[in-house]
Amino acid sequence: MLLVKTIVDNPEFVIERLAIKNRDARESVEKIVALDKQKREIQTKLEDNKAEQNALAKKIGELFKQGKQQDAQDAKARSTELKNIIKEQEDQFQALDKELYETLVLLPNLPYELVAPGKSAADNVEIRRGGENPSFEGFEPLPHWELAKKYDIIDFATGVKITGAGFPLYKGKGAKLQRALINFFLDEAAKSGYMEVEPPVLVNEASGFGTGQLPDKEGQMYHCEVDNLYLVPTAEVPVTNIYRDEILDAKQLPIRHCAYTPCFRREAGSYGSDVKGLNRLHEFDKVELVQIVHPDKSYKALEIMVLHVEGLVKKLGLPYRIIRLCGGDMSFTSAMTYDFEVWCAAQQKWLEVSSVSNFESFQANRLKLRFREDGDKRTRLCHTLNGSGLALPRIVASILENNQKGDRIEIPEVLRKYTGFDFIGGEEEIVESEEK
RNA sequence: GGAGAGAUGGGUGAGUGGCUGAAACCAACAGUUUGCUAAACUGUCGUAGGGGUACAAUUCCCUACCGGGGGUUCGAAUCCCCCUCUCUCCGCCA
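Below is a summary of the structure that appears in this document. In this text the structure is predicted, and so the values were computed from the model without any measurement.

What follows is about the pattern of salt bridges. A complete count under the given rule lists 29 salt bridges for this structure. In this structure, the salt-bridge partner of E52 is R78, at a minimum N-O distance of 3.0 Å. You can see E52 sitting in helix α3 (residues 26-66) and its partner R78 sitting in helix α4 (residues 69-105), a full 26 residues away along the chain. According to the relative accessible area criterion, E52 is partly exposed, its value standing at 30%. According to the relative accessible area criterion, R78 is partly exposed, its value standing at 29%. K171 is paired through a salt bridge with D152; the nearest N and O atoms lie 3.1 Å apart. You can see K171 sitting in the loop between β3 (169-170) and α7 (173-191) and its partner D152 sitting in the loop between α5 (144-150) and β2 (154-155), a full 19 residues away along the chain. Its relative accessible area of 44% is what places D152 among the partly exposed residues. Put simply, E126, R129, R321 and E341 are held in one network by salt bridges that share partners.

Looking at the largest pocket, its volume works out to about 1,400 Å³. Together, 50 residues line the largest pocket, and R265, D339, E352, S355 and R394 are the ones closest to its centre. Broken down by secondary-structure element, the contributors of at least two residues to the lining of the largest pocket are β1 (125-130), β10 (283-293), β11 (320-324), β12 (336-344), β13 (349-360), β16 (383-391) and α12 (392-402). Per-element tally for the lining of the largest pocket: the top contributor is β13, with 9 residues. Lining the second largest pocket are 19 residues; nearest its centre among them are L3, T6, E360, S361 and H383. Only α2 (11-20) and α11 (362-367) provide two or more residues apiece to the lining of the second largest pocket. Its residues assigned to classes, the lining of the second largest pocket shows 9 nonpolar, 5 polar and 5 charged.

Quick notes on the rules
- Residues numbered from 1 in each chain as written.
- Chains lettered and ligands numbered in written order.
- Predicted model: local features only at pLDDT ≥ 70, side-chain atom pairs only at ≥ 80, totals over all residues.
- Heavy atoms only, no water.
- Salt bridge = Lys/Arg side-chain N within 4 Å of Asp/Glu carboxyl O.
- Helix = DSSP H or I, 4+ residues; strand = E, 2+ residues; numbered from the N terminus.
- Buried < 20%, exposed > 50% of the residue type's maximum accessible area, 1.4 Å probe, protein only.
- 1 Å grid on protein atoms, 1.4 Å probe; cavity = no way out; pocket = protein on both sides within 12 Å on 5 of 7 lines; lining within 4 Å.
- Points joined across faces, edges and corners; volume = space filled by probe spheres on them.
- Nonpolar A, V, L, I, M, F, W, Y, C, P; charged D, E, K, R; others polar.

Encoded structure:
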């Protein structure tokens, strides 16, 4: 949520910035400016009346004590009169405040100065790429869903049986690969200074609102209606909400957390060719990185977070590219976002595996997440950032497709100490030892 | 699922109609004293919003907030109603 002050002080700037997000905000902005003005006017009158009423109430008490019945009755009459005026003004004020708020929450965050204008993914800007696309000799590479079947490591059909489409069942080395990736990502995050947390995966409405999923993306979350709780679409929600309604000391910043959680997304309305295999799921695993930082340092933190995520795909040996999203492709809450995509050699497709964003104070304002500089009486809003580090399914898809050798799949070097095996398939099947 | 208790400032906790934005204590912060540490003493010590001054302020004035919402009253932390949440005991159970 933007600050009213930002809009009222610089309406044209806000309109101009939101145009980059492909959004004509003139009407909303002008409405907010007008409503804010009306609201203040009525608020001033209202508060003056309340002040008078408070003074009268005090006086009446005195008068009674002094036995001045008649004076007390007169004061009472005036107070009753005021009460009606106050009631009316209060209603007006509430109505204006509500309308202002409702208009305000529908405005997306302002894009940062580096964000290019644009309507869709086609206008995104590639920042850099790395890694090499694999080549295959003597065989045709299979898409990962074929490989999953061939080596019996992911069973989509049984997932359908248990739950439904988009809920795969990982088996054997497939399941172990999941666990290995989670541990690898968490360990790497710890090395970069992120403190691990394990949050609840069901969140209440206030948490959903705090990070901006509610009311904007209501339909994207699974909702347990009986208890009015939401399954998290990302660990960003519970982890960032740890600090909802907090006033931190400046010296506590930056706060860095990593968390593994399953993520649940309804993905309503996104059916098509891109949902095959692991490409788009309703439930998937992800390690998320969250930072709460001083506003002067958030863009530096964003760059460092990008480097951390880049390090992950590099270590996994996956061909990748980093993209800076254009205004139109960015989320409601983000001020700037970098997407990471990895190459899937059989599908011949780039798949998004991470989205790293700076939300500036947009989430913090909703969360009431503030900090105080030493010796300063004022509070200021923190900046929040988060990024996937990383989402598993598409990483698995990329590993399977890129590392296939015809008769087996090679596990990236860095993962082997976590998996306990070097290959999926092939002759050298490791037989699990029972003796240990 | 059944029964009961409770929700007050960073924490403990007082407060049953006006003198309470809120005692006291603890913590924290600043200072004084003492070779250092400790102790003692003094002071500060909630948040948000509006207004004024110079379109400035962390100053001044005002308003709101004692879980949330509504009501009674000239006046509500305090009385009434509704909701939410937390805790304890029992049952069930990873």
